[in-house]
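Working through the structure, step by step
Listed below are the residues making up each chain.
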Amino acid sequence: TKEGCDMRKFSITKILSVLLLLGLLFSYAPQTARAEIAAQPAVTVEDAVLQEMQTNGKASYYLHFAYTADLSPAYTMNWSDRGWFVYETLKAQMEASQAAVKAYLSNAGVEFRQYWINNSIYVKDSNATVLAGVQQFEGVESITAPRVYHIYEPEEAPEDETMAVEPNLTVIQAPDAWAAGFEGGGYTVSSIDTGVRYTHQALNASYRGKTDTGYDHNYNWYDPYSSHYQQPQDNNGHGSHTMGTMVGKTADEVNQIGVAPGATWMACRGCSTSSCYDTELLACAEFIAAPHDLDGANPNPDLRPVSVNNSWGDCGQSYDDWYRTVVNSWVAAGVYPVFSNGNNSNCGYSSDPPLNTVGNPARYGNVSGVGSTSKSTSQYATHSNKGPTDNLDDVNPNEGWADLKPQFAAPGVGIRSSVNSSDTSYSSYSGTSMSAPHVAGTVALLIEAAPCLEGQYATLETLLEQTAFPVPHS
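Everything quoted here is computed from the prediction, not taken from an experiment.

1. Digging into the sheet that holds strand β3 (residues 59-65)
Taken in spatial order, the five strands line up as β2-β6-β3-β5-β4 in an open sheet, and their pairing is mixed. Two strands close off the open sheet at either side, each with one partner strand: β2 (44-45) and β4 (111-115). Direction of pairing for β3 relative to strand β5 (residues 120-126): antiparallel, over a ladder of five bridges. From the neighbouring strand, H64 faces β5, where its bridge partner is S120. Packing of helix α2 (residues 79-108) onto the sheet brings it into contact with β3, β4, β5 and β6 (140-144), and relative to β4 it is tilted by some 180 degrees. Where helix α7 (residues 278-289) meets the sheet, it contacts β3, β4 and β5, and its direction lies at approximately 35 degrees from that of β4.

2. A few points about the state of the cysteines
Throughout the structure, instances matching the rule amount to three disulfides. Two residues, C271 and C276, share a disulfide whose sulfurs are 2.1 Å apart. Note on the C271 and C276 pair: the S-S dihedral is about 95 degrees, so by sign convention the disulfide is right-handed. Comparing C271 with C276 shows no difference in burial state: the two are buried. Note that C315 is cross-linked by a disulfide to C347, the S-S spacing being 2.0 Å. Because the torsion about its S-S bond is -75 degrees, the bridge between C315 and C347 counts as left-handed. Placement of the pair is C315 in the loop between β14 (312-313) and α8 (324-333) and C347 in helix α9 (residues 344-347), with a sequence separation of 32 residues.

3. Here's the deal with the nonpolar core
If you look at the biggest cluster of nonpolar residues, it comprises 89 residues, and the most contacted ones within it are I192, W265, W312, Y323 and W330. Once residues lying within four places of it in the same chain are set aside, the contact partners of W312 are Y149, H150, I151, Y152, I192, C271, C276, L281, Y323, F339 and P361. F65, L105, V123 and V130 belong to the second largest nonpolar core, which has 19 residues in total.

4. Some details on helix α10 (residues 432-449)
Taking 1.5 Å per residue as the helical rise, α10 with its 18 residues ought to reach 26 Å, and the 27 Å between its terminal C-alpha atoms agrees with that figure. Of all 18 residues that make up α10, 17 are buried, and the element is covered over most of its length.

What counts, and where the lines are drawn
- Residues numbered from 1 in each chain as written.
- Predicted model: local features only at pLDDT ≥ 70, side-chain atom pairs only at ≥ 80, totals over all residues.
- Heavy atoms only, no water.
- Pairing = 2+ DSSP bridges.
- Helix = DSSP H or I, 4+ residues; strand = E, 2+ residues; numbered from the N terminus.
- Contact = heavy atoms within 4.5 Å.
- Axes fitted to C-alpha atoms, helices over the stretch in contact; angles between N-to-C directions.
- Disulfide = S-S within 2.5 Å.
- Buried < 20%, exposed > 50% of the residue type's maximum accessible area, 1.4 Å probe, protein only.
- Core = buried A, V, L, I, M, F, W, Y, C linked by side-chain atoms within 4.5 Å.
- Expected span 1.5 Å × (residues − 1).

Rendered as structure tokens:
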């Protein structure tokens, strides 16, 4: 724990329980090999890029540069200094390493976008000459094809009787934390999802962009798609539901659906509908680490959240590091990363999916992956994908279980929360998308109880694991 932290405050963890799934130890093959360009043996190029170029005479791809910035000093800094240090260090790395390639692409008239969060450049529709040309530059390490991820679409569940406090909150003992005076007040949580219906009665009061005279969406909302919505919007409903589980509560307390009803929220539209495109996911990643205005300018890392919920991913059965440096940057900046483990129905698995079905990025060793249990018991849900992972946890291995996935399981069957159809609409969904927000909200409760835990990813995860009750699965 951080020096000077009052351990007596950690008693709050005794009344905050998420469920721990004990995985089995297995080894799996490494990620798919990438083809090497004979003329440039120092740069690897993914087969999909070469195939697209051969078929269409042009291709879109990512240039990945060395990510060598030393962010370790951030871990001893205060919240403000830490955020600015990570942002400025990564921005300086990008500007120094990408300058020559940026000039080359500009002169070639090729559309591109730079990212500082993982030191990469997205190149759109270049020809073979440009593809060969960029490989000549020092610092270009690899070239990969674009990726499309998906929302872990839930299944609609029958509506239960409305309860003042939903049973999924009772089973993790959130009401006991509220009674002790901890509702997440003073802290902000976030999501990368399909957006949020910010006017919903259970979400409006906790939206950080709400002011005394109206709304200020700058630094609180970002839509990187061409739609470029200037205020929070959700065309799918998924994002409104997950945000409700994090913070939702109505003024009359008839609908208490959120784990941390005292916290505020911000959001980024990383998924247009059910699809989540890589360029937008990276743009959202930067927004989370260093929130900016609606035009993507004037970043202010002081306004970053303490946790970010990601109920999206792929169905891969081996580690794909595409988002890894993003997560490294978040953790260095003090933002707690939470990812859904994935659902059997989204990935074509049978009910009660087999081992090694956890998707990326949830299978990363440096994130908290979350699976599902039933709404009011510790039974592992039959829709919830399983570990173990082939990417061992080198940040916070759980008592020798470095391949543990999920780290936690939380209620994910018939979870009632806010939806986008109206300001007063609620629906019950089932899926790991419904489970992960329980953990993202719990982080705010823990930090309010012990402010010295702010930004302490490994310590927070350890506390949650040590106070969770095990759910063995054979």
